[in-house]
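Chain by chain, the residues:
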Amino acid sequence: GQNIIVRDLADKLGVNASQIITKLIGLGVMANQNQNIDADTAAIVADEFGKTLVVEDEKSDVDDIFDLDHEDNPKDLRQRPPVVTVMGHVDHGKTSLLDAIRQTKVTVSEAGGITQHIGAYSVNVDDKKVVFLDTPGHEAFTSMRARGASITDIAILVVAADDGVMPQTIEAISHAKAAEVPIIVAINKIDKPTANIDRIKQELVENDLLPEDWGGETITVPVSARDKTGIDELLEMILLVAEMQELKANPNRNAVGTIVEAQLDKGMGPMATVLVQKGTLKVGDMVVSGTSSGRIRAMFDDKGKRVKKVGPSMPVVILGLSEVPNAGDLLYVADNEKIARNYAQRKKEQLREEQLKSRSKVSLEDLFEKI
Ligand code: GTP
Ligand code: MG
């Protein structure tokens, strides 16, 4: 939900930030005055000062143009592929597992073998498509893992059998649970002599994931990305879970998607990987994303092949945006150029206002904080 900066909350309530911070400590929340707290916590704090907090949603008026909550008619819904996000602690083998699934080698081309971005790939399993998102395990990438969890239908939690449940494993579990996404645990690196599957299961239990074969509901699959063992079983489980979800979307409407990755290419300009969530995205569509807008000049699938249109759940790289959007930004198709440019302009103004607001709020406390 909505977040509020501690300092802004203090302003709203007409008290000192330090008073808010004291109340927060009382609630077991450690935050400085520049940090965000969620609306629920803010409401509790406000209550302690005898006030009721109204948090206005600043985004909605701009995003309203695109009728985001537009409910599709059930008869227009069609089956769509599941979006599966691979999560887990750094170096536990997420990218290697995806490689094993795709039978290709992506890891070797990555700088230092560390995943710097979310890769998105579609894979054919039997006659069905499954879309995979790769996330980095490095601790600096919390927001990317959170984003991955929110656009995903199933989370594959990779846990190295020789290492066990680690901080980013626990964080991935909490993101998946918060997004109410079913978790399938891939216990990886079982080829290693020090692998201990039962120990991993014990650690999963300690984190509220009771394995199926221990009487619980969490599917666990022992795999080795290196030896490509257990991969078929894992894919089978993914299809099984996906089937129970009855995933659907309306392919016949203006597309809405999410940017999973974006960068500036020297030759081609802004490039963005979009995961289409509803509708069909087409070359020639007028799109907006954050403060960026433009007409789609070309699209490429995950194999680098040019495509003209792409439907729900599918990842695609697009060219034609005016600037590089942020990963996590929504992407909409606008009916015409005027609407698109208007939206991007209003987003820019909104951003500028937010920056000005935060700059004009330098207080005595801010000065002390920096000493
Ligand atoms: P980040 O993206 O940096 O978080 O790492 P990752 O989880 O994607 O791990 P990655 O696939 O890059 O693998 C990390 C290391 O573990 C590499 O050296 C892999 O070769 C090795 N590895 C991955 N899977 C296996 C496996 O099944 N067995 C063995 N023995 N090694 C593996
Ligand atoms: Mg990786």
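Structure shown above.
Residues numbered from 1 in each chain as written. Chains lettered and ligands numbered in written order. Predicted model: local features only at pLDDT ≥ 70, side-chain atom pairs only at ≥ 80, totals over all residues. Heavy atoms only, no water.

Participant: Looking at this structure, how should I read the overall build of the chain?
Facilitator: Of regular secondary structure, the chain possesses 11 helices and 20 strands. For the chain, buried positions account for 47% of its 371 residues. Surface summary for the chain: the accessible area is close to 19,000 Å², and the carbon and sulfur share equals 50%. (Helix = DSSP H or I, 4+ residues; strand = E, 2+ residues; numbered from the N terminus. Buried < 20%, exposed > 50% of the residue type's maximum accessible area, 1.4 Å probe, protein only. Areas by Shrake-Rupley, 256 points an atom, 1.4 Å probe, with all protein chains shown as cover.)

Participant: How do you make sense of the sheet that holds strand β4 (residues 83-88) when you look at a structure like this?
Facilitator: Picture the strands of a sheet paired through backbone hydrogen bonds; they go either parallel or antiparallel. As summarised here, the arrangement of the six strands in space is β5-β6-β4-β7-β8-β9, forming an open sheet in which the pairing is mixed. Every interior strand has two partners, whereas the edge strands, β5 (119-125) and β9 (219-222), have only one. Direction aside, the axes of adjacent strands within the sheet are offset by 25° on average. Pairing of strand β8 (residues 183-188) with β9, which is carried by four bridges, proceeds in the parallel orientation. Looking at the pairing, V185 lines up with T220 of β9. Packed on one face of the sheet, helix α7 (residues 167-178) meets β4, β7 (154-160) and β8 and runs near 165° to β7. (Pairing = 2+ DSSP bridges. Axes fitted to C-alpha atoms, helices over the stretch in contact; angles between N-to-C directions. Contact = heavy atoms within 4.5 Å.)

Participant: Is there a simple way to explain the packing of aromatic side chains in this structure?
Facilitator: The relation between two aromatic rings is expressed through the spacing of the ring centres and the mutual angle of the planes. Inspection of the entire model under this criterion finds one aromatic pair. Seen in terms of ring centroids, Y332 and Y343 are 5.7 Å apart; in terms of plane orientation they differ by 80°. Their pairing is edge-to-face. Here the residue Y332 occupies a position in strand β20 (residues 330-334), and Y343 occupies one in helix α10 (residues 337-359), the gap between them amounting to 11 residues. Across from the ring centre of F49, 5.4 Å away, lies the NZ or CZ of K23, which sits over that ring. One Lys or Arg, R102, reaches over the ring of Y121 and ends 3.6 Å from the middle of that ring. (Phe/Tyr/Trp six-rings, centres within 6.5 Å; stacked < 30°, edge-to-face > 60°. Lys NZ or Arg CZ within 6 Å of the ring centre and 35° of its normal.)

Participant: Help me understand the packing of helix α1 (residues 6-13) against helix α2 (residues 17-26), please; the structure alone is not making it clear to me.
Facilitator: Two measures define how a pair of helices packs: the angle their axes make with one another and the distance between the axes. Two elements in contact, α1 and α2, have axes separated by 8 Å at closest approach and are oriented at 110°. Here α2 runs roughly perpendicular to α1, going by the angle between their axes. As for how α1 packs across α2, the hand of that crossing is right-handed. The residues of α2 that touch α1, namely those facing V6, L9, A10 and L13, are A17, I20, I21 and L24. Residue classes in the contact of α1 with α2 are distributed as eight nonpolar, no polar and no charged. (Parallel < 35°, antiparallel > 145°, perpendicular 65-115°, else oblique. Left-handed = near helix turned anticlockwise from the far one by under 90°. Nonpolar A, V, L, I, M, F, W, Y, C, P; charged D, E, K, R; others polar.)

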